[in-house]
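Notes for the structure review
Listed below, chain by chain, are the residues.
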Amino acid sequence: MNIGFKMGEVIKSIGSLIDKSVKDGGNELSMEYFILLNILYDKDNLIQNDLASLMHKDKSAILRQIDTLEKKKLVVRIPDAEDRRKKIIMLTKDGMKTVEKLRKIEADMFNSLLKDVSETDLKIFESVLDKMKVQVQ
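Residues numbered from 1 in each chain as written. Predicted model: local features only at pLDDT ≥ 70, side-chain atom pairs only at ≥ 80, totals over all residues. Heavy atoms only, no water.

**Some words on the overall build of the protein**
What the protein contains, in helices and strands, is six helices and three strands. When the helices and strands of the protein are read in sequence order from the N terminus, they spell out α-α-β-α-α-β-β-α-α. The dimensions of the protein, computed from C-alpha atoms along their principal axes, are 50 × 35 × 25 Å. A total of 137 residues make up the protein; the buried ones form 26% of that total. Within the structure as shown, the protein displays about 9800 Å² of accessible surface, and the carbon and sulfur contribution to it stands at 55%. (Helix = DSSP H or I, 4+ residues; strand = E, 2+ residues; numbered from the N terminus. Buried < 20%, exposed > 50% of the residue type's maximum accessible area, 1.4 Å probe, protein only. Areas by Shrake-Rupley, 256 points an atom, 1.4 Å probe, with all protein chains shown as cover.)

**Let's talk about a nonpolar patch on the surface**
A cluster of nonpolar side chains, Ile3, Met7, Ile11, Ile124, Phe125, Val128, Leu129 and Met132, forms an exposed patch at the surface whose accessible area comes to about 710 Å². Elements with a minimum of two residues in the nonpolar patch: α1 (3–24) and α6 (119–136). Ranked by residues supplied to the nonpolar patch, first place goes to α6 with five residues. We classify Leu129 as partly exposed; its relative accessible area is 34%. (Patch = residues over 30% accessible without salt bridge, like charges linked within 9 Å, V, L, I, M, F, W, Y side chains within 5 Å. Salt bridge = Lys/Arg side-chain N within 4 Å of Asp/Glu carboxyl O.)

**Digging into the nonpolar core**
Grouped burial of nonpolar side chains is what soluble globular proteins tend to show. By size, the foremost hydrophobic cluster in this structure holds 24 residues, and its most contacted members are Leu37, Leu40, Leu51, Leu69 and Val75. If you list the elements that add at least two residues to this core, you get α1, α2 (31–42), α3 (48–55), α4 (59–71), β3 (87–91) and α5 (93–113). With six residues, the top contributor of residues to this core is α2. Sequence-distant contacts of Leu37, that is, excluding residues within four places in its chain, are made with Leu29, Leu69, Leu74, Val75, Leu91, Thr98 and Val99. (Core = buried A, V, L, I, M, F, W, Y, C linked by side-chain atoms within 4.5 Å. Contact = heavy atoms within 4.5 Å.)

**Concerning the environment of Leu29**
Locating Leu29 in the fold gives a position in the loop between α1 and α2. Judged by relative accessible area, Leu29 falls into the buried class, the value being 4%. Beyond its immediate chain neighbours, meaning those up to four positions away, Leu29 contacts Asp19, Val22, Leu37, Leu69, Lys72, Leu74, Thr98 and Leu102.

**Let's talk about α5**
Between its terminal C-alpha atoms α5 stretches 30 Å, which fits the 30 Å expected from 21 residues at 1.5 Å a residue. The complete set of buried residues in α5 reads Gly95, Thr98, Val99, Leu102, Ile105 and Met109. For α5, the arc enclosing every buried residue in end-on projection is 130°, short of the 170-degree limit, so these residues lie on one face. Away from its buried face, by an angle of more than 90 degrees, α5 presents the exposed residues Lys93, Lys97 and Asn111. (Expected span 1.5 Å × (residues − 1). Arc of directions from axis to C-beta.)

**What to know about the side chain of Gln65**
Along the chain, the position of Gln65 falls in helix α4. Overall, Gln65 belongs to the buried group, its relative accessible area being 8%. Filtering out sequence-adjacent residues up to four positions away, Gln65 remains in contact with Glu32, Tyr33, Leu36, Met55 and Lys57.

**Regarding the sheet that holds strand β1 (residues 46–47)**
A sheet is described by the order of its strands in space; here three strands give the open sequence β1-β3-β2, paired in antiparallel fashion. Both outer strands of the open sheet, β1 and β2 (75–79), are each paired with one neighbouring strand and no more. Relative to β3, β1 runs antiparallel, the two sharing two bridges. What sits directly across from Leu46, in β3, is Ile89. (Pairing = 2+ DSSP bridges.)

Written out as structure tokens, the structure is:
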């Protein structure tokens, strides 16, 4: 099995595990929504186009996600002061609490996955990932 295939399998499995952990934690959000919420938690003044670019998705897919999150009262659209056609997407207080809860679930899951991995192995793994990341940028 080649490394690309193995990486893909691991990423897909971790995504499924996060989805399951999130649902077990009482949330009905998939990994895709979690990623979008995380981005909004860490960055201010983003519009739909920014989110589409950051997530490597088309604008209509992001629009559907924003609509869903808005119905769940996790995000709001705020008119841009300079261009009223633009809407800044921001987390609500419930959205922020949800991200914090989901990040805790994610951290607990990763701690569990890495419990049998030595510090040395983890540092080597991170180093390899960093080298690969530089090559693809």
